[in-house]
Amino acid sequence: MMSVYSEAIERILPRVQKPTRYIGGEWNSVVKDPTQVDVRIALAFPDTYELGMSHLGLRILYSLLNSRPDIWAERVFCPWIDMEAELKESHIPLTTLESETPLRQFDVIGFSLQYELNYTNILTMLHLGGVPLLASDRGENEPLIIGGGSMAFNPEPLADFFDCILVGDGEELILDFLSKFKALRRAGASKEETLKELAQVPGVYVPSLYPTALDPKTGFLLPQSIQGAPFPVKRRILYDIDRYPFPDDVVVPFHEIVHDRVSVEIMRGCTVGCRFCQAGIIYRPVRERSPESIKAVLEKSLRRTGFDEVSLTSLNSGEYGSVADLIADLMDDFQEDRTSLSLSSLRPSSLNERIAEQIRRVRKTGFTMAPEAGTQRLRDVINKGTSERDILFGAENAFRQGWEVLKLYFMIGLPTETDEDIQGILDLAHKILRLGRQHARRAARITVSASSFIPKPHTPFQWLPMERMEALREKQAKIRSGLKNPNIQFKWHDVEISWMEGIFAKGDRTLGRTLLRAWERGCRYDGWTEQFRYRDWVAALEETGVDPNRFLYQRLEVGARHSWDHIDSGVSERYLAKELELSLTSVPTDTCGIDKCYGCGSFARQCLSGELVPGKMEEKSEVEAPRPVPPSPPPQPRHRYRARYHKVGRMRYLSHLELSRSMIRGFRRAGIPLAHTEGFHPMPRLSFASALAVGVESRGEYLDFEICRPMPPESLSRRINQCLPTGLGLDQVAEVETGAKSLGELINAALYWVRLQEAPDAISLADDLAGKLKGASHLKVVRERKGQTEELDILPSIYRISAAQDGTLEMILRLGGSGNARPDDVVRGLFGPNASARIVRQDLLVLLEGEFLSPMACRGNDPTPAAVVSA
Ligand code: SF4
């Protein structure tokens, strides 16, 4: 979709890293007519495109909101540092991907609040979008800034910047919120009236309606209820998550994202009750999707996206009621088209042979375990619910089933931790490595990660202090020196970043000033080690007079008030306090559920009814019979084809890898039965001719592919074109004889059309060319490569060059091998080092016995001489 900013954005895209983060136009992205909707909302993710696009909440809300004809939800991500600089330099506002509309023009901007160290990025996005940062500075016509996600459970550090914070499950909440917003706007309500009314929607917190007062005991600013707004704000809970089926039309990115696959949430909540885990509390109670709805969503998702990987996600996937049967059913369906499956957050005890065998039927994905602590005593303190036996059992099974790399996650700085617990991490890692040596098929390797424990709001540890930085550094050093084995890699988090995270996790409203000051000092992307600016944060805290120690290092009595007490997670303080007490005496609490309920929250009745976990109820009434794994599928028959295709418009920013992925996904969406390679990692049999430089358009590219059953070429091209994004399409498809040469063996030249930016007329261009090339023995250019300059003689690379009537330069250049000139080299060689031009690759060619042939004519063992291309 073109906007007034499209051209300006086009100009800066060639200068930034990973331009496909910013081009939009992805498959399944939604474009609506803005005049036909009542509410326009920008779903803003304050981190990179690849992280935001992987986020399940964003996927759910995008699909849900766009299913409503009166709402148009678009996406916007935080531009990376280079893009921020380019936007500022060119005075281009931050716009959404779908319509390239500046953020200030939206009715609502909804931020996903997932991580404390994204907060400065929120300010960057508002600023670039032309929106005043402070809620108090925004007038009647400015967008409403809202946020939701796990950080909504201590929203105070963000209170100055947000109009509303939505607390709890988003599906019903956002729809109720936007419906009310729409009605209020229709009724002509002022901003003040709108906020007061919105505060009455259950789950909505409007910070401006809650002034703060200083708690003399702790020094915290505590929100007060004095204006009739609900107190506390109760978290919204969606009990029947199947009422909102998981989206099957997620946007398919060009750029590789962190979770580049279909991910389906099979269950919300977790029964284990790890005492450090905020998610384990704020997503209670456990609610399962039915196996039928999961299977239906996956079947449609794979067809509508073309992904070849599926992930079943939850906080604890192995506990899903009928997980083994679900996996077996899915693997039966997936095996033929080589779709792989992974389970997130699988506890070691859940990786029994039955589950592992099923997962390995298609492709192995990584295996991760999170023992969290090195000794049983400390695992009991944190109520990890995992014994060493479970961990070793899971590791052994993983190695036996063919995994070679295991990732182990630990935390350091946990309550009551001693040297013995740190030694326990080293011992456990070495024991697992020994198991790997015994059971893995090849050399086993282990990655040990140690993050710093941060006491989080709404957990039993919320009253405890964080460990000081020096002690954390010493523990990291001890682990590092104790894991000096080439097969063990140790990864750790910078303690300064954890320190910052701790401050904002437990901080109050005073931090709004600090956040603003740090952002003004240049802090961005604080969760990224290379971007984190510790000194600027220290300076910002000093300049705003905030003592972070009161958030980080105070040991509070149970009953002391926190700055998040006005947000009711649904879990009682009594339960949290009891868990803290048990923790400090290393007494674990068993997994909860229908058989054993501790009455932790307001939802005990729903938990005990069993209606939230239908799969589990079924499992209890039947004993699961082991299901044999079917044999591997027989070798596939193969039929080979060649296609000529174009890659134009914004598609020119796709790298070769992105193009290949997009093409394969298009084939899969079209239901084309691509043949795969044999072996451990089956890959689709699809090969491309020469790679094209990012930013160059082409009207004549080629690919060969093999499919499992013959299909008429016209039908293939029609079906595939219906499933490719705009700018990418097949122009010709034809069968290729078995034994014909590959594209790589054939193609040795390329035809380019080049239009100089400051174009002389055609006659003077032709004269100019003739003058420069006549009798020349060489034509030298200097080009930069990987930071080095090299001199290149471009003359041997030029087969033909001429100026057309309209002033376009047509050139056929040599391709393949090394030392060949690119078209931009030729432009600079002929017209000077500063000459620039718009370059389009028109075709790839086969130079054979002095004639240029089309690769489409070389599909047999003998090329057809009739297919000469005139150039
Ligand atoms: S109410 Fe009972 S079953 Fe439900 S989450 Fe709390 S302890 Fe578990």
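The rules behind each value
Residues numbered from 1 in each chain as written. Predicted model: local features only at pLDDT ≥ 70, side-chain atom pairs only at ≥ 80, totals over all residues. Heavy atoms only, no water. Helix = DSSP H or I, 4+ residues; strand = E, 2+ residues; numbered from the N terminus. 1 Å grid on protein atoms, 1.4 Å probe; cavity = no way out; pocket = protein on both sides within 12 Å on 5 of 7 lines; lining within 4 Å. Points joined across faces, edges and corners; volume = space filled by probe spheres on them. Nonpolar A, V, L, I, M, F, W, Y, C, P; charged D, E, K, R; others polar. Pairing = 2+ DSSP bridges. Axes fitted to C-alpha atoms, helices over the stretch in contact; angles between N-to-C directions. Contact = heavy atoms within 4.5 Å. Domains from an automatic or database assignment. Buried area = accessible area lost by both parts, 1.4 Å probe. Salt bridge = Lys/Arg side-chain N within 4 Å of Asp/Glu carboxyl O. Phe/Tyr/Trp six-rings, centres within 6.5 Å; stacked < 30°, edge-to-face > 60°. Buried < 20%, exposed > 50% of the residue type's maximum accessible area, 1.4 Å probe, protein only. Lys NZ or Arg CZ within 6 Å of the ring centre and 35° of its normal. Near = heavy atom within 4 Å. Parallel < 35°, antiparallel > 145°, perpendicular 65-115°, else oblique. Left-handed = near helix turned anticlockwise from the far one by under 90°.

### Overview of unusual backbone geometry
Next, step 1: Of note, the bond from Phe231 into Pro232 is cis; its omega dihedral lies within 30 degrees of zero at -5°.
Next, step 2: Going from Arg284 to Pro285, the amide bond is cis rather than trans, its omega being -5°.
Next, step 3: Looking at the secondary structure, you find Pro285 in the loop between α8 (278-282) and β12 (287-288).
Next, step 4: The backbone of His91 sits at a positive phi, close to 55°, despite the residue not being glycine.
Next, step 5: By the element assignment, His91 lies in the loop between α4 (81-90) and β3 (108-112).
Next, step 6: Even without being a glycine, Glu849 presents a positive backbone phi close to 50°.

### What to know about the layout of surface pockets
Next, step 1: Roughly 1300 Å³ of volume is contained in the second largest pocket.
Next, step 2: Lining the second largest pocket are 42 residues; nearest its centre among them are Ala693, Val694, Val696, Asp824 and Ile839.
Next, step 3: Contributions of two or more residues to the lining of the second largest pocket are made by α1 (6-12), β25 (780-785), β26 (788-793), β28 (809-814), α27 (823-831) and β29 (837-848).
Next, step 4: For the lining of the second largest pocket, the per-class residue count stands at 20 nonpolar, 9 polar and 13 charged.

### Some details on the sheet that holds strand β10 (residues 262-265)
Next, step 1: Strand order across the open sheet formed by 3 strands is β10-β13-β14, with parallel pairing between neighbours. The open sheet terminates on both sides in strands that have one partner only, identified here as β10 and β14 (340-343). Adjacent strand axes in the sheet meet at a mean angle of 20°, parallel and antiparallel pairs treated alike.
Next, step 2: Bridge count for β10 against strand β13 (residues 309-313) is 4 bridges, and the pairing is parallel. Residue Val264 lies in a different strand from β13, and its bridge partner there is Leu312.
Next, step 3: Against the sheet, helix α9 (residues 291-305) touches β10 and β13, its axis set at about 160° to β10.

### Overview of the domain arrangement of the chain
Next, step 1: What the domain assignment lists for the chain is domain 1 (6-223), domain 2 (261-362 + 592-623), domain 3 (639-736) and domain 4 (747-867).
Next, step 2: The gap between the C-alpha centroids of domain 3 and domain 4 is 26 Å.
Next, step 3: Listed by partner, the interface residues are 20 residues for domain 3 and 14 residues for domain 4.
Next, step 4: Of the roughly 1400 Å² buried where domain 3 meets domain 4, counting both sides, 52% is carbon and sulfur surface.
Next, step 5: The interface formed by domain 3 and domain 4 includes 3 salt bridges.

### Considering the packing of aromatic side chains
Next, step 1: This structure, assessed with the given rule, holds 17 aromatic pairs.
Next, step 2: Ring geometry for Phe111 and Phe162: centres 5.9 Å apart, planes at 70°, overall edge-to-face. Here Phe162 lies in the loop between β4 (144-148) and β5 (164-166) and Phe111 lies in strand β3, a separation of 51 residues in the sequence. In this pair, the class of Phe111 matches that of Phe162, namely buried.
Next, step 3: Arranged with centres 6.2 Å apart and planes meeting at 85°, the rings of Tyr645 and Phe688 form a pair that is edge-to-face. Of this pair, Tyr645 sits in strand β20 (residues 639-647) while Phe688 sits in strand β21 (residues 686-688); the two residues are 43 residues apart in sequence, bridging distant segments of the chain.
Next, step 4: Taken together, Trp80, Tyr525 and Trp528 form an aromatic cluster joined through their ring pairs.
Next, step 5: Positioned over the ring face of Phe106 is Arg40, at 5.0 Å from the centre of the ring.
Next, step 6: Directly above the ring of Tyr553 sits Arg468, whose terminal nitrogen or CZ lies 3.9 Å from the centroid.

### Description of the site of the ligand
Next, step 1: In the vicinity of the ligand, the contacting residues are Arg284, Cys592, Gly593, Cys597, Tyr598, Gly599, Cys600, Phe603, Ala604 and Cys607.
Next, step 2: Looking at side-chain class alone, the shell around the ligand contains 7 nonpolar, 2 polar and 1 charged residues.

### Notes on the sheet that holds strand β16 (residues 405-412)
Next, step 1: Strands sit in the order β15-β16-β17-β18 across an open sheet of 4 strands; the sheet is parallel. A strand with exactly one partner marks an edge of an open sheet, and here the two such strands are β15 (367-372) and β18 (488-492). Between one strand axis and the next, the sheet turns by 20° as a mean value, whatever way the strands run.
Next, step 2: Sheet topology note: the β16/strand β17 (residues 445-452) ladder contains 8 bridges and is parallel.

### Re the packing of helix α13 (residues 388-400) against helix α14 (residues 419-439)
Next, step 1: α14 packs onto α13 with a crossing angle of 30° between their chain directions and a minimal axis gap of 9 Å. Between α13 and α14, the crossing angle belongs to the class labelled roughly parallel. In this structure, α13 crosses over α14, and the sense of that crossing is right-handed. Only Leu428, Lys431, Ile432, Leu435, Gly436 and His439 of α14 make contact with α13, whose side of the interface consists of Glu388, Ile391, Leu392, Ala395, Glu396, Phe399 and Arg400.

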